[in-house]
Amino acid sequence: MSKWEENTIRMYEGQDFEVLRAECHRKQQLFEDPLFPACARSLSDNDEQFKDIIWKRPREIVSNPQLIVNGIKRTDPTQGDLGNCWFIAAMSALTQNNLVLKRVIPPDQSFQSDWYAGIFHFRFWRYQQWYDVVIDDRLPYLTTEDRLWSARNTSELNEFWVPLLEKAYAKLNGSYSNLGGGLPVNALTDFTGGIEQRFEFKSNLSSTHFNTDDLFEFICSCIDYGSLIACSINPHDKQVETVLPNGLVIGHTYSITNYYLLAQRGILRLRNPWGNEIEWNGQWADHDPIWNLLDERTRQRLSIRNENDGEFWMSFDDFYREFDVMEVCHISPDTYDGMSLANRKYHFCTENCVFTEFTCKFIFYESENF
């Protein structure tokens, strides 16, 4: 542990990751967390609701589990059976800032035999303090469907940073069911120690002294400087999670992960944490022929994929018309204490960015209006 970590990170509930892992290695046994056990009360107070769930370690699910496969990507987190889209959207936003990722997911852990002892740890900001939260790797598994009940990566089934991070956050909050509802900015703040800002487009945008042009420039600036952004549509008189004809979901949280500046107006990239076919189907949707107006190099650089992965682009004008709330978590200077600040402004990685080396291959540059 570095000097900075020793001085600034507190052990949650007094559990020391390094000490516990060394003890497990010495005893040649896998860690079982007595403070967040593999039982129904870690899921919820309602035992009957989870009668089809057992607990499995990743090595009991796949033959070659990995914490991270081919780098951490914005499309990795997919919501499980828990109604915590706000948290999954925050996870997807988190992947856009490698420096913060390094803080939240320490690199000193792995499924490799020299490291593995059934124990992992993650870090969150609470009460003006960073906490290191230790967990075992027993995950809730839905027997009726032979899959994880929790959040997961549905495209790389042997990657487990998503369900393990979710479990650590559930422990911090008392149980999985306590993640069943919340605001994305709360999770973003817990990931970063940053400063939150909330915009309600239909009611008080004027009070922020923004017009719509200023708002788009503000979003671009936030993305450039590594701020994390989520947005949602208020339910009003409609039921939560109603899918609108345009493909957007009422009362559901999306992450905003990129922008592109056209001649007159910009477009934004969003992601539905369900990670499926339910996406925006209007202008600039995956299948929209308007993409053919852009050259092949630009389409590749923007990672345009006509896939059922929950990710889509839409014009800023459509975004402003359809969405009601945007929440931003600005990264404060304190968040970067103890880290290298080199290239802090530019945080986007190519799809093959290897997170475990904490290096970025940048594809967007200031001179190109990003």
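Computed from a predicted model, the values in this text were never measured in an experiment.

Cut-offs and rules
Residues numbered from 1 in each chain as written. Predicted model: local features only at pLDDT ≥ 70, side-chain atom pairs only at ≥ 80, totals over all residues. Heavy atoms only, no water. Pairing = 2+ DSSP bridges. Helix = DSSP H or I, 4+ residues; strand = E, 2+ residues; numbered from the N terminus. Axes fitted to C-alpha atoms, helices over the stretch in contact; angles between N-to-C directions. Buried < 20%, exposed > 50% of the residue type's maximum accessible area, 1.4 Å probe, protein only. Phe/Tyr/Trp six-rings, centres within 6.5 Å; stacked < 30°, edge-to-face > 60°. Lys NZ or Arg CZ within 6 Å of the ring centre and 35° of its normal. Parallel < 35°, antiparallel > 145°, perpendicular 65-115°, else oblique. Left-handed = near helix turned anticlockwise from the far one by under 90°. Contact = heavy atoms within 4.5 Å. Nonpolar A, V, L, I, M, F, W, Y, C, P; charged D, E, K, R; others polar.

K.L.:
Account for the sheet that holds strand β7 (residues 195-200), with residues named and values stated.
P.N.:
Spatially, the 6 strands line up as an open sheet ordered β7-β12-β8-β9-β10-β11, and their pairing is antiparallel. In this open sheet, the two edge strands, each paired with only one partner strand, are β7 and β11 (311-315). Geometrically, the sheet is characterised by an average inter-axis angle of 30° between neighbouring strands, direction not taken into account. With 6 bridges joining them, strand β9 (residues 253-261) and strand β10 (residues 266-271) adopt antiparallel strand pairing. Residue I256 lies in a different strand from β10, and its bridge partner there is L270.

K.L.:
An account of the pairing of strand β4 (residues 129-136) is needed here, citing residue identities and associated values.
P.N.:
Remark: a regular strand shows side chains that alternate across the two faces of the sheet. The buried fraction of β4 is high, at 8 of 8 residues. Of the two faces of β4, both are covered, the one formed by Q129, Y131, V133 and I135 as well as the one formed by W130, D132, V134 and D136. Sheet analysis places strand β1 (residues 9-11) next to β4, joined by 3 bridges and oriented parallel. Counterpart to R10 in the pairing with β4 is Y131. Note: strand β3 (residues 119-126) against β4, 8 bridges, orientation antiparallel. Bridge pairing in β4 links F120 to I135. From the end of β3 to the start of β4, which pair antiparallel, there are 2 residues, and Y127 there has a positive phi angle of about 55°.

K.L.:
I'd love a proper account of unusual backbone geometry, names of residues and values included.
P.N.:
Even without being glycine, Q28 reaches a positive phi, approximately 55°. Here Q28 is to be found in the loop between α2 (17-27) and α3 (40-43). At Y127, a residue that is not glycine, the phi angle is positive and equals roughly 55°. Take Y127: it is sitting in the loop between β3 and β4. On the accessibility criterion, Y127 (70% relative accessible area) is exposed.

K.L.:
An account of the packing of aromatic side chains is requested, with residue identities and associated values reported.
P.N.:
Summed over all chains, the structure comprises 29 aromatic pairs. Geometrically, the ring pair formed by F201 and F319 is edge-to-face, given 5.6 Å between the ring centres and 75° between the ring planes. Taken together, the positions of F201 in the loop between β7 and α9 (212-224) and F319 in helix α11 (residues 316-322) put the pair 118 residues apart, joining distant regions of the chain. Each member of the pair, F201 as well as F319, carries the same accessibility label: buried. A relative accessible area of 4% places F201 in the buried class. Aromatic rings pair up to connect F201, F216, Y254, Y259, F312, F316, F319, Y320 and F323 into one cluster. Here K56 stacks its cationic end above the ring of Y141, 4.2 Å away from the centre of that ring. Across from the ring centre of W130, 4.7 Å away, lies the NZ or CZ of R103, which sits over that ring.

K.L.:
With reference to specific residues and values, describe the packing of helix α5 (residues 85-94) against helix α8 (residues 184-192).
P.N.:
Where α5 contacts α8, the axes come no closer than 8 Å and their chain directions differ by 45°. Compared by their axis directions, α5 and α8 come out oblique. α5 and α8 meet at a crossing whose hand is right-handed. Between α5 and α8, the residues in contact are W86, F87, A90, M91, A93 and L94 and P184, A187, L188 and F191, respectively. Class assignment for the residues of the contact of α5 with α8 results in 10 nonpolar, no polar and no charged.

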